[in-house]
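Secondary and tertiary structure notes
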Amino acid sequence: MVFNRDIARFSVGVIGNVIALILFLSPLPTFIRIWKNKSVEQFSPIPYLATFVNCGLWVLYGVPWVQPNSILVVTINGTGLGIEIVYLTLFFLYSDRKLRTKVFLVILGEIIFVATLAICVLSFVHGNKKRAAIVGSICMVGNILMYASPLAVMKLVIKTKSVEYMPFFLSLFSFLNGVSWTAYALIRFDAYILAPNSMGTVLGLAQLLLYATYYKSTKRQIAERETKGELVMAEKSVAGVAQKPRNDSRV
């Protein structure tokens, strides 16, 4: 049986699309929590800001005028772009004023950057190879930033010995996404996809190892916090009863 690279690459690309879609959807429980609590708590916007600009860059890379025959790159990153817009909108709504301003300015800067790059490359650079080289090189940086963005959260995990603010499924599917797109890039060599995704595989694995290391201590901290909260409520209840004025009726 003859190995067909195009079929194999397309098949791996489809698998990569499915995994990437799950990756984009994996923070959904986090944002349901934010929506219910009307607060972003200690969750960081950095991973979502990095993913937002990264998806925009890869959509540009995959268009036919830059890198032909990359429809799978465009479809998944276009979908991811829409999902990140929803996440960032929720983050914007439930942040305090200071953080909200920062998020808005970063988003605005990212949009201006991608739009300027698209106009410059499509207007002044001729030939797909040159365009792909320029956009691909920038995409590599964007992808690395996306995979590296949880480093700030990883620092918090090590400091607090808790993975409460590092969503497990985001870490898991970051790792699987890196593996699938690394395989995609190796079947028909594409350095621009290979370099950042191989690094993403390593960083995703590091997050999973951290999760395994601090999972038990996180459970213990949450249990202690809940117990303490119950004790405080009980004390307040007892104090309320004690302070309640006596309503004696005397004949």
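Residues numbered from 1 in each chain as written. Predicted model: local features only at pLDDT ≥ 70, side-chain atom pairs only at ≥ 80, totals over all residues. Heavy atoms only, no water.

1. Some points on the overall build of the protein chain
To keep things clear, this is the line we draw: Strands are runs of DSSP state E lasting at least two residues, helices are runs of H or I lasting at least four, and both sets are numbered from the N terminus onward. Only protein chains enter the accessibility calculation, which uses a 1.4 Å probe; a residue whose area is less than 20% of its type maximum is buried, one above 50% is exposed, and one in between is partly exposed. Here, Shrake-Rupley sampling with a 1.4 Å probe gives the accessible areas, and only protein chains in the shown set may cover a residue.
Each helix and strand counted, the protein chain has nine helices and zero strands in total. Helices and strands appear in the protein chain in the N-to-C order α-α-α-α-α-α-α-α-α. Counting only residues that meet the buried cut, the protein chain has 42% of its 251 residues in that class. In the structure as shown, the protein chain presents an accessible area of about 14800 Å², 69% of it carried by carbon and sulfur atoms.

2. Here's the deal with the side chain of Ser26
If you trace the backbone, Ser26 turns up in the loop between helix H1 (5–25) and helix H2 (28–37). Classification of Ser26 by relative accessible area gives buried; the value is 10%.

3. Let's talk about the UniProt feature "transmembrane region" (unreviewed entry) in the protein chain
Rules: UniProt positions are given in the numbering used here, feature names are shortened, and annotations may be inferred rather than shown by experiment.
If you check UniProt for "transmembrane region" (unreviewed entry), the listed places come out as residues 12–34, 46–65, 71–94, 103–126, 132–153, 165–187 and 193–215 in our numbering. The span residues 12–34 shows a helical share of 91% and a strand share of 0%, and its end C-alpha atoms are spaced 34 Å apart. The straight-line gap between the two end C-alpha atoms of residues 71–94 is 35 Å; of that span, 96% is helix and 0% is strand.

4. Overview of a nonpolar patch on the surface
Condition: Without a salt bridge and with relative accessible area above 30%, a residue can belong to a patch; like charges are then joined within 9 Å and nonpolar side chains (Val, Leu, Ile, Met, Phe, Trp, Tyr) within 5 Å. In what follows, salt bridge is the name for a side-chain nitrogen of Lys or Arg lying within 4 Å of a carboxyl oxygen of Asp or Glu.
A grouping of Phe92, Leu93, Phe104, Leu105, Leu108 and Ile112 is seen on the molecular surface, where their side chains present a nonpolar patch of about 560 Å² in accessible area. Elements with a contribution of two residues or more to the nonpolar patch: helix H4 (71–93) and helix H5 (97–124). With four residues, the single largest contributor to the nonpolar patch is H5.

5. Thoughts on the packing of aromatic side chains
What counts here: To pair, rings of Phe, Tyr and Trp, with the six-membered ring standing in for Trp, must have centres within 6.5 Å; the planes then decide the type, stacked if under 30 degrees apart, edge-to-face if over 60, and tilted in the middle. Placement of a positive charge over a ring is assigned whenever Lys NZ or Arg CZ falls within 6 Å of the ring centre and within 35 degrees of the normal to the ring plane.
Tallied over the full model, the rule gives nine aromatic pairs. Aromatic rings pair up to connect Phe31, Tyr48, Tyr87 and Phe91 into one cluster. Over the ring of Phe92 we find Arg100; its NZ or CZ atom is 5.7 Å from the centre of that ring.

6. Here's the deal with the confidence of the model for the protein chain
The cut-off we apply is this: Confidence scores labelled pLDDT are given residue by residue by the predictor and lie between 0 and 100.
Averaged over every residue, the pLDDT of the protein chain is 82; residues scoring 70 or more account for 89%. Averaged pLDDT values for the elements of the protein chain fall to 76 in helix H9 (residues 191–243) and rise to 91 in H5.

7. Points about unusual backbone geometry
The phi dihedral of Lys38 falls on the positive side, at around 55°, and the residue is not glycine. By secondary structure assignment, the location of Lys38 is in the loop between H2 and helix H3 (46–62). Using a relative accessible area of 49% as the deciding quantity, one classes Lys38 as partly exposed. You will see that Lys161, though not glycine, has its phi angle at about 55°, which is positive. Structurally, Lys161 can be placed in the loop between helix H7 (151–160) and helix H8 (168–187). With relative accessibility at 46%, the residue Lys161 sits in the partly exposed group.

8. Considering the nonpolar core
Across soluble globular proteins, you tend to see nonpolar side chains buried next to one another. Spelled out, the test is: We define the nonpolar core as a collection of buried residues of types Ala, Val, Leu, Ile, Met, Phe, Trp, Tyr and Cys that are connected through side-chain atoms lying within 4.5 Å of one another. Any two residues having at least one pair of non-hydrogen atoms within 4.5 Å are treated as being in contact.
Residues Phe31, Tyr61, Val66 and Val135 are the most contacted members of the largest nonpolar core, which totals 44 residues. Those elements that provide at least two residues to this core are H1, H2, H3, H4, H5, helix H6 (128–148), H8 and H9. The leading source of residues in this core is H3, at nine residues. In this structure Val66 touches Leu60, Tyr61, Leu122, Asn128, Arg131, Ala132 and Val135, once residues within four positions along its chain are discounted. Of all hydrophobic cores here, the second largest spans eight residues; its members include Val153, Met166, Tyr211 and Tyr214.

9. A few points about H6
Defined as follows: An expected span of 1.5 Å times one less than the residue number is assigned to each helix. The directions considered for the arc are those from the helix axis to the C-beta atoms.
Compared with the 30 Å implied by 1.5 Å per residue over 21 residues, the 29 Å span of H6 between its first and last C-alpha is a close match. Looking at H6, one finds that the buried residues are Arg131, Ala132, Val135, Gly136, Cys139, Gly142, Asn143, Met146 and Tyr147. Each buried residue of H6 lies within a common arc of 130° when the element is viewed along its axis, so the set occupies one face. Those residues of H6 that are exposed and angled more than 90 degrees off the buried face are Lys130 and Leu145.

10. Quick notes on the packing of H3 against H5
Selection criterion: Fitted lines through C-alpha atoms give the axes, limited to the stretch in contact for helices. The angle between two N-to-C directions lies from 0 to 180 degrees. These descriptions rest on fixed angle ranges, namely under 35 degrees for roughly parallel, over 145 for roughly antiparallel, 65 to 115 for roughly perpendicular, and the rest for oblique. We call a crossing left-handed when the near helix sits turned anticlockwise from the far one by less than a right angle, and right-handed when that turn is clockwise. Gly falls in the polar group here, along with every residue not listed as nonpolar (Ala, Val, Leu, Ile, Met, Phe, Trp, Tyr, Cys, Pro) or charged (Asp, Glu, Lys, Arg).
Running from amino to carboxyl end, H3 crosses H5 at an angle of 10°, the nearest separation of the two axes being 10 Å. Relative to H5, the element H3 is oriented roughly parallel. Relative to H5, the crossing made by H3 is right-handed. From H3, Leu49, Ala50, Phe52, Val53, Gly56, Leu57 and Leu60 reach across to H5, where they touch Val103, Val106, Ile107, Glu110, Ile111, Phe113, Val114, Leu117 and Ala118. When grouped by side-chain class, the residues that make up the contact of H3 with H5 number 14 nonpolar, one polar and one charged.

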